[in-house]
Amino acid sequence: MITEWVLPAAVCAPVTWVCLIFRFREDGRLLGTVRSAGLTVAVVLWTSGMAAVASGLLLPHASSVPPVAVGAAAGWGVAPRGREQGDKSAVMAVLTLGNSLLLHQLALRLRTDRAEWCERMAGGFRDCWDLDAFAGGVRHHLLLRVDAPGRPVRLRTQMKREINERYNEVRTAAQRWITLETKVQKSCQQHARPATRDEIRRVRRAFGEAEQYLVCLLELAHAHGKRSDAERLLELKRQHLSCVAMEQMAGGSSVKA
C-alpha cells in the first residue's frame, strides 16, 4: 500500500513544485497571494493524487515499473514543453488529467496578481514630479540587481536595455505632463480663468499615460525581483509620498503664519 500509493505521491509533490517554479519563474510568485497559493497547492495535490492512482492501478499490471518513476513522471508532466513534444506526451496527459485547467487558472491568477501589484505601486501620486522621481528610484533599484552571479552577460545587457527603455518612456510621458500642466496654469493665470474641461481632460490623460508607463516599468521589478524587493520599493514610494505630505504641511504652516 505504502509503496504503490504513498511513495509515488511523496515523490511527485516536490517534483511538481520544482516544475511549477520553473514554469512560472517569470510570471509571478506562486505564493504571492492567497488565491495563487491555493491554486498552486491544488496543482501539487492533484498531480500527486493522479500519481498515486496511476501507480496503484498500473503497477499490479506492470510490476517492472518502479513507483518512484511514476511519481517523478507525473510531476514532470507540469513542466513547460515545446510544440515538438506535444504529440509525445499522451501518457503525461493521462497522468496529469485535470491539470490543464488548474494550470490555466494559475497562470491567469499570477497575471492578475502582477497587474494589481503594479497598479497599487504606481497609484497614489498627485503629480508627475514625484512619479518621475519614483521611477528613477525604481530604475536605480533594478540596475543594481542586474549583475547577479551566474547571469549571462548577454542577458544582463538585454535587461539593462529594457530597464532603460521603459524608464525613458516614463520620463518622456512625465515631461509631457509637466509641460502641458505648466502651459495650462500659465494660460489660466494670464486670463484669470479656471481651467476648461478640455484642458483638464488633456492633463489627466497625460498623467494617466505616465502612470501606465510606470506600471510597465514595475512589471520588470515584479518579474525579476524577489519578495524582499517589494518592501524596498514600497518604502521608496512612501518616501516620495511623504515628501508631498511634508510640502503640504509646510505650505499650510506658511499660510497660517
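Residues numbered from 1 in each chain as written. Predicted model: local features only at pLDDT ≥ 70, side-chain atom pairs only at ≥ 80, totals over all residues. Heavy atoms only, no water.

K.L.:
Hey, could you run me through the pattern of salt bridges in this one?
P.N.:
Side chains bearing opposite charge may pair, as long as their charged atoms lie close to each other. Overall, the coordinates contain 9 salt bridges when judged by the stated rule. Residues K160 and D147 are paired through a salt bridge, measuring 3.5 Å at the closest nitrogen-oxygen approach. Residue K160 is located in helix 7 (residues 153-191), and its partner D147 is located in the loop between helix 6 (128-144) and helix 7; the two are separated by 13 residues in the primary sequence. For K160, a relative accessible area of 31% corresponds to the partly exposed category. (Salt bridge = Lys/Arg side-chain N within 4 Å of Asp/Glu carboxyl O. Helix = DSSP H or I, 4+ residues; strand = E, 2+ residues; numbered from the N terminus. Buried < 20%, exposed > 50% of the residue type's maximum accessible area, 1.4 Å probe, protein only.)

K.L.:
Looking at this model, I keep getting lost on the layout of surface pockets. Mind explaining?
P.N.:
The probe, sized like a water molecule, is rolled over the atoms to show the empty space still left. For the largest pocket, the calculated volume is near 290 Å³. Taken together, 15 residues line the largest pocket, and the ones lying closest to its centre are R25, G28, R29, L30 and G225. The set of elements that each furnish at least two residues to the lining of the largest pocket consists of helix 1 (2-23) and helix 8 (197-224). Of the residues contributing to the lining of the largest pocket, the split by class is 7 nonpolar, 4 polar and 4 charged. (1 Å grid on protein atoms, 1.4 Å probe; cavity = no way out; pocket = protein on both sides within 12 Å on 5 of 7 lines; lining within 4 Å. Points joined across faces, edges and corners; volume = space filled by probe spheres on them. Nonpolar A, V, L, I, M, F, W, Y, C, P; charged D, E, K, R; others polar.)

K.L.:
I'm lost on the nonpolar core in this one. Help?
P.N.:
Where a protein is soluble and globular, its nonpolar side chains tend to be buried together. Judged by nonpolar contacts, the single largest core of 36 residues is most densely connected at F134, L214 and L218. Taken together, the elements giving at least two residues each to this core come down to helix 5 (99-122), helix 6, helix 7, helix 8 and helix 9 (227-256). No other element matches helix 7, which puts 11 residues into this core. When neighbours within four sequence positions are excluded, F134 is seen to be in contact with M121, F125, L214, L218, L233, L236, K237 and H240. In this structure, L20, L106, A107 and L110 belong to the second largest nonpolar core, which totals 10 residues. (Core = buried A, V, L, I, M, F, W, Y, C linked by side-chain atoms within 4.5 Å. Contact = heavy atoms within 4.5 Å.)

K.L.:
Where do I start with the side chain of R166 in this structure?
P.N.:
Locating R166 in the fold gives a position in helix 7. Within polar-contact distance, the side chain of R166 engages the backbone oxygen of C216 at 2.5 Å. When near neighbours in sequence (up to four residues on either side) are disregarded, R166 contacts C216, L217, E219 and L220. (Polar contact = N/O pair within 3.5 Å; in protein donor to acceptor, adjacent residues only side chain to side chain.)

K.L.:
Just to check I follow, could you spell out a nonpolar patch on the surface for this structure?
P.N.:
A grouping of W17, V18, I21 and L31 is seen on the molecular surface, where their side chains present a nonpolar patch of about 340 Å² in accessible area. Along the chain, L31 falls in the loop between helix 1 and helix 2 (34-58). (Patch = residues over 30% accessible without salt bridge, like charges linked within 9 Å, V, L, I, M, F, W, Y side chains within 5 Å. Areas by Shrake-Rupley, 256 points an atom, 1.4 Å probe, with all protein chains shown as cover.)

K.L.:
Please explain the side chain of T47 as it appears in this structure.
P.N.:
Within the secondary structure layout, T47 lies in helix 2. We classify T47 as buried; its relative accessible area is 0%. Of note is the side chain of T47, whose polar atom sits 2.7 Å from the backbone oxygen of V43.

K.L.:
Would you explain the packing of aromatic side chains in this entry?
P.N.:
Given two aromatic rings, their pairing is described by the distance between the two centres and the angle made by the two planes. Taken as a whole and assessed by the stated rule, the structure comprises 2 aromatic pairs. Ring geometry for F125 against F134: centres 5.3 Å apart, planes inclined by 35°, an arrangement best described as tilted. One exposure class covers both F125 and F134, and it is buried. The ring centre of F22 lies 4.3 Å from the NZ or CZ of R25, which sits over that ring. (Phe/Tyr/Trp six-rings, centres within 6.5 Å; stacked < 30°, edge-to-face > 60°. Lys NZ or Arg CZ within 6 Å of the ring centre and 35° of its normal.)

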